[in-house]
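Structure at a glance
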Amino acid sequence: MSFRRDRDTELGWRQWVSAHQDELIAIGIPREVWADRLTWWRFVDHGYHPPIENARDVRFKVSDLSDEQQRRLYQFLDRVLPEARYSYSLWSMLQSQFGTADEQP
C-alpha cells in the first residue's frame, strides 16, 4: 500500500509541475527549487533553497528575485495555495509587501 501512495504522490507532483512549470520559469524560480515536492515545500515554507541547516549551501532565496518577480510569485502562490497560504513564511513575507489590507488573515 505504501508503494502505491508514493507512486500516486509522485504522479500528482509531476502533474502539478507540468501544469505550472512555464509560470515558475517565467517568474524566475530555478528548476532545482521545484525539482521535487519536498524541496518546493521547503522553499514555500522558508523562502530559500536549500534549508538553512548549512547556510553556505543556500543557492537561491526569494530576495534574489526582482520586485516584479516577487510580485508575480505572490500572485502565483495566491492562486495555487488558497487554503493554506497563511501558514507559510514565504506567503506572509510576500503578502506584507504586495497584499492589500483586506487580504489579512
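A brief structural summary. Every value quoted in this text rests on a predicted model; they were computed, and no experiment measured them. (Residues numbered from 1 in each chain as written. Predicted model: local features only at pLDDT ≥ 70, side-chain atom pairs only at ≥ 80, totals over all residues. Heavy atoms only, no water.)

**With respect to the overall build of the protein**
Heads up, the condition is: What counts as a helix is a DSSP run of H or I of at least four residues, what counts as a strand is a run of E of at least two, and both are numbered from the N terminus. Relative accessibility decides the category of a residue: with a 1.4 Å probe and only protein chains considered, values under 20% of the type maximum give buried, values over 50% give exposed, and everything between is partly exposed. Any two residues whose heavy atoms approach within 4.5 Å are treated as being in contact.
Within the protein, the regular secondary structure consists of four helices and two strands. Sorting the 105 residues of the protein into buried and exposed places 31% on the buried side. Pairs at least 24 residues apart make up 48% of the contacts formed inside the protein by residues separated by at least 6 positions.

**A look at the pattern of salt bridges**
Let me state the cut-off plainly: In what follows, salt bridge is the name for a side-chain nitrogen of Lys or Arg lying within 4 Å of a carboxyl oxygen of Asp or Glu.
Scanning the model with the defined rule gives five salt bridges in all. With its nearest N and O atoms 3.7 Å apart, the salt bridge here joins Lys61 to Asp64.

**What to know about helix α3 (residues 67-80)**
We count it as follows: What a helix is expected to span follows from its residue count: subtract one and scale by 1.5 Å. The arc in question is the one traced by the directions running from the helix axis out to the C-beta atoms.
Here α3 spans 20 Å end to end across 14 residues, near enough to the 20 Å set by a 1.5 Å rise per residue. Among all positions of α3, only Gln70, Leu73, Tyr74, Phe76 and Leu77 are buried. Looking straight down α3, one finds that the buried residues subtend no more than 165° of arc, so they occupy a single side.

**Looking at the packing of aromatic side chains**
Put simply, the rule reads: For Phe, Tyr and Trp, rings pair up if their centres lie within 6.5 Å, where Trp contributes its six-membered ring, and each pair is then called stacked (planes under 30 degrees apart), edge-to-face (over 60) or tilted (otherwise).
All told, the structure shown has nine aromatic pairs when counted by the stated rule. Judged by centre distance (5.7 Å) and plane angle (40°), the rings of Phe43 and Phe60 are tilted. Taken together, the positions of Phe43 in helix α2 (residues 37-46) and Phe60 in strand β2 (residues 60-61) put the pair 17 residues apart, joining distant regions of the chain. Each member of the pair, Phe43 as well as Phe60, is classed as buried.

**What to know about the environment of Trp91**
By the element assignment, Trp91 lies in helix α4 (residues 89-98). Assessed through its relative accessible area of 1%, Trp91 is described here as buried. In the structure, Trp91 is positioned 44 residues away from Gly47 in sequence and 8.6 Å away in space, judged by C-alpha atoms.

**Description of the nonpolar core**
Selection criterion: In this text, buried Ala, Val, Leu, Ile, Met, Phe, Trp, Tyr and Cys residues form a nonpolar core when linked through side-chain atoms within 4.5 Å.
Counting 23 residues, the largest nonpolar core has Ile29, Trp34, Trp40, Phe43, Leu73, Phe76 and Leu77 as its most contacted members. Elements with a minimum of two residues in this core: α1 (2-27), α2, α3 and α4. A total of five residues in this core trace back to one element, the largest contributor, which is α1. Those residues within four positions of Ile29 in sequence are excluded, and the remaining contacts are Leu24, Trp34, Trp40, Phe43, Phe60, Leu65 and Leu73.

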